[in-house]
Amino acid sequence: MPLNIAMDGPVGAGKSSIAAEVARRLGILHLDTGAMYRAIGLTALRRGVDVADEAAAVALSKELDISVAHEPDGQHTFVNGEDVTGLIRTPEVSMAASSISKYLGVRQGMVALQQKLAAQTPMLVDGRDICLRVLPNATVKLYLTASAEERARRRWLEMQQKGASDTYEQVLEDLKKRDDQDMNREVDPLRPTEDAVIVDSTEMNFEQVVEYILAIVKEKTA
Ligand code: DC
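About the thresholds
- Residues numbered from 1 in each chain as written.
- Predicted model: local features only at pLDDT ≥ 70, side-chain atom pairs only at ≥ 80, totals over all residues.
- Heavy atoms only, no water.
- Buried < 20%, exposed > 50% of the residue type's maximum accessible area, 1.4 Å probe, protein only.
- Helix = DSSP H or I, 4+ residues; strand = E, 2+ residues; numbered from the N terminus.
- Arc of directions from axis to C-beta.
- Contact = heavy atoms within 4.5 Å.
- Polar contact = N/O pair within 3.5 Å; in protein donor to acceptor, adjacent residues only side chain to side chain.
- Pairing = 2+ DSSP bridges.
- Axes fitted to C-alpha atoms, helices over the stretch in contact; angles between N-to-C directions.
- Salt bridge = Lys/Arg side-chain N within 4 Å of Asp/Glu carboxyl O.

Enquirer: How would you summarise helix H3 (residues 54–63) if you had to cite specific residues and measurements?
Expert: For an α-helix, the turn length of 3.6 residues means that residues three or four places apart are oriented alike. The set of residues buried in H3 consists of Ala57, Val58, Leu60 and Ser61. Burial along H3 is one-sided: seen end-on, the buried residues are contained in an arc of 160°. In this structure, H3 carries Ala55, Lys62 and Glu63 as exposed residues pointing more than 90 degrees from its buried face. Each element contacted by the buried residues of H3 is listed here: helix H2 (34–47), helix H4 (91–100) and helix H5 (104–120). Near the N-terminus of H3, the side chain that reaches the backbone nitrogen of Ala55, with its oxygen 3.3 Å away, is that of Asp53.

Here it is as structure tokens:
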């Protein structure tokens, strides 16, 4: 079995950027599973599919061909061959992704695809259900988190740099709403599994988190 590292955590914990850097330093691929749910969410918005309609959301997800490619600048995500990487980071797509990801029928297809990818090559996979469902036998399991206020602050700074006009309060409110949806859904809600190492980055900077995780990986793979 190739080396598999599973990383879960709530919105804005820095999973994607931390996971990308840890994977780069280990020389393995990084799979951002949130991007796959975002790709379905984007398509639902584009086609006017009601994300509250389970049957419609599941039918849409089954019809779509979601794929990823690992390029030098990171993961690219495709819907029916179209590269949607630059279109899936908006607040609307975030919420749509969170909504469609509640449904078992949507999740089953994505989990199977993610498991297939991780079985082929050493990989760090990040998401919400990776430790529990996607890679229950992963060599290393991590739960990356930080306080809601700190996560909102980081996300807000990032959005400001991109020229967005959202207020900090707005970002915090959206983040709490999405946390609530992801943590309280019926199917595989986000929560740390018993065997996951909890990494609370509230008081840590980027480099400290990366170093800390690399040390955990070293210990677990020794
Ligand atoms: O990690 P992210 O913010 O890009 O994920 C977007 C949404 O997709 C998130 O709110 C919940 C859902 N998701 C999921 O249910 N399971 C995963 N493995 C990854 C993401």
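Enquirer: Explain the pairing of strand S4 (residues 74–79) to me, and be specific about the residues and the numbers.
Expert: A regular strand places its side chains so that they alternate between the two faces of the sheet. The buried count for S4 comes to 5 of 6 residues, which makes it a mostly enclosed element. Hairpin connection of strand S3 (residues 66–71) to S4: 2 residues between the antiparallel strands. Of the strand pairs in this sheet, S4 and strand S5 (residues 82–83) are connected by 2 bridges, and their pairing is antiparallel. Along S5, the bridge assignment pairs Val79 with Glu82. The antiparallel hairpin formed by S4 and S5 contains 2 residues in its connecting segment, where Asn80 sits at a positive phi of about 45°.

Enquirer: Can you lay out the sheet that holds S3 for me, pointing to particular residues and giving the numbers?
Expert: In spatial order, the strands read S3-S4-S5; together these 3 strands make up an open sheet with antiparallel pairing. Each having just a single partner strand, S3 and S5 make up the two edges of the open sheet. Across the sheet, H2 is in contact with S3, S4 and S5; its angle to S4 comes to roughly 35°.

Enquirer: Help me get a handle on the sheet that holds strand S2 (residues 29–32), residues and values and all.
Expert: Taken together, the 5 strands give an open sheet; going across it, the order is S2-S6-S1-S7-S8, and neighbouring strands pair in parallel fashion. Of all the strands in the sheet, just S2 and strand S8 (197–200) have a single pairing partner and so form its edges. Pairwise comparison of adjacent strand axes, ignoring direction, gives a mean angle of 20° for this sheet. Relative to S8, strand S7 (residues 140–145) is paired through 4 bridges, and the arrangement is parallel. Looking at S8, one finds that Thr145 is bridged to Asp200.

Enquirer: Tell me about the pattern of salt bridges, and name the residues and values.
Expert: Under the criterion given, the structure shown has 14 salt bridges. Among the ionic pairs, Arg128 bridges to Asp182, the shortest N-O distance being 3.4 Å. Of the two residues, Arg128 sits in the loop between strand S6 (123–127) and helix H6 (130–134) while Asp182 sits in helix H8 (residues 168–183), which places them 54 residues apart along the sequence. The salt bridge partner of Arg151 is Asp179, with a shortest N-O separation of 2.8 Å. In this pair, Arg151 sits in helix H7 (residues 148–161) while Asp179 sits in helix H8, placing the two residues 28 residues apart along the sequence. The same class applies to Arg151 and to Asp179, which are both buried. Several salt bridges share partner residues, and in doing so they unite Glu21, Arg24, Arg25, Glu207 and Glu211 into one network.

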